[in-house]
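Survey of secondary and tertiary structure
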Amino acid sequence: QKVVTKELYFEADDVRKEVKLLQMVFNFAGLSTAIISRLINNINSRNMEGALVDIKSIGQIINDNSPLLTTKGMKATTPAFLNAKFVLLTDLSNQQTQLMKDRKLLTDGNKANYRELYRYIREVTTIGKIIYAGTAKADEYNVRKLIRRLHSPHHSSSTNTDSGQ
């Protein structure tokens, strides 16, 4: 997911550079730059869904005012650039969303497994406390102490210190 997100932001930053130049062209042409400012803000705040909507809107404005914008200094490649970036950003955004959904499904599945494991451990420790009540072994069936032992550094002689590994 980090790779996709990094690429998404890199491509969005590339769009921002081109759009800043386009903003000057819009100013020279006397067109409103509010949508471009909003796009830049969306890219800066990493709101890719909003940025995609704004790119589409800017594409419409360019199509409606192409001759005027070209005379005011817009590159001839700008519409194609924005269309290509729109497609690429949409694809990367969809990949990121899918990865997040997959991760959520995995996490939700793991939560259910952990709940079931915890319920089983709880049953075993409850039975162990009853069986070993009044003895030192009863402490081994305390969940808090068991977790503390799991998280403590292990200084066991059973660890493999073989230097061949």
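Structure first, text after, so check above.
Below you will find a few notes about this structure. Being a predicted model, the structure only gives us computed values, none of them experimental. (Residues numbered from 1 in each chain as written. Predicted model: local features only at pLDDT ≥ 70, side-chain atom pairs only at ≥ 80, totals over all residues. Heavy atoms only, no water.)

1. Here we look at the pattern of salt bridges
Pairs may arise between side chains of opposite charge once their charged atoms sit close together. Selection rule: Each reported salt bridge corresponds to a side-chain nitrogen of Lys or Arg within 4 Å of a carboxyl oxygen of Asp or Glu. For the purposes of this entry, the term helix denotes a DSSP run of H or I that reaches at least four residues, the term strand denotes a run of E that reaches at least two, and both are numbered from the N terminus. The cut-offs for exposure are 20% and 50% of the maximum accessible area for each residue type, with area from a 1.4 Å probe on protein chains only; residues under the lower value are buried, those over the upper are exposed, and the others partly exposed.
With the rule as written, the count across this model stands at seven salt bridges. Asp13 is the partner of Arg16 in a salt bridge, and the nearest nitrogen-oxygen pair spans 2.8 Å. Here Asp13 and Arg16 lie together in helix α1 (residues 2–29), a separation of three residues that amounts to about one turn. Look at Arg16 and you get buried, because its relative accessible area is 18%. In this structure Asp13 comes out as buried when scored by relative accessible area, which is 19%. Connected via shared salt-bridge partners are Glu11, Asp14 and Lys85.

2. Focus on a nonpolar patch on the surface
Note the cut-off: Put simply, a patch holds well-exposed residues, over 30% relative accessible area, that have no salt bridge, with like charges counted together within 9 Å and Val, Leu, Ile, Met, Phe, Trp or Tyr side chains within 5 Å. All accessible areas in this document rest on Shrake-Rupley with a 1.4 Å probe, and a residue is counted as covered only by the protein chains that are shown.
A surface patch of nonpolar side chains, amounting to about 430 Å² of accessible area, comprises Tyr114, Leu117, Tyr120 and Val124. Relative to the helices and strands, Tyr114 resides in helix α5 (residues 78–131).

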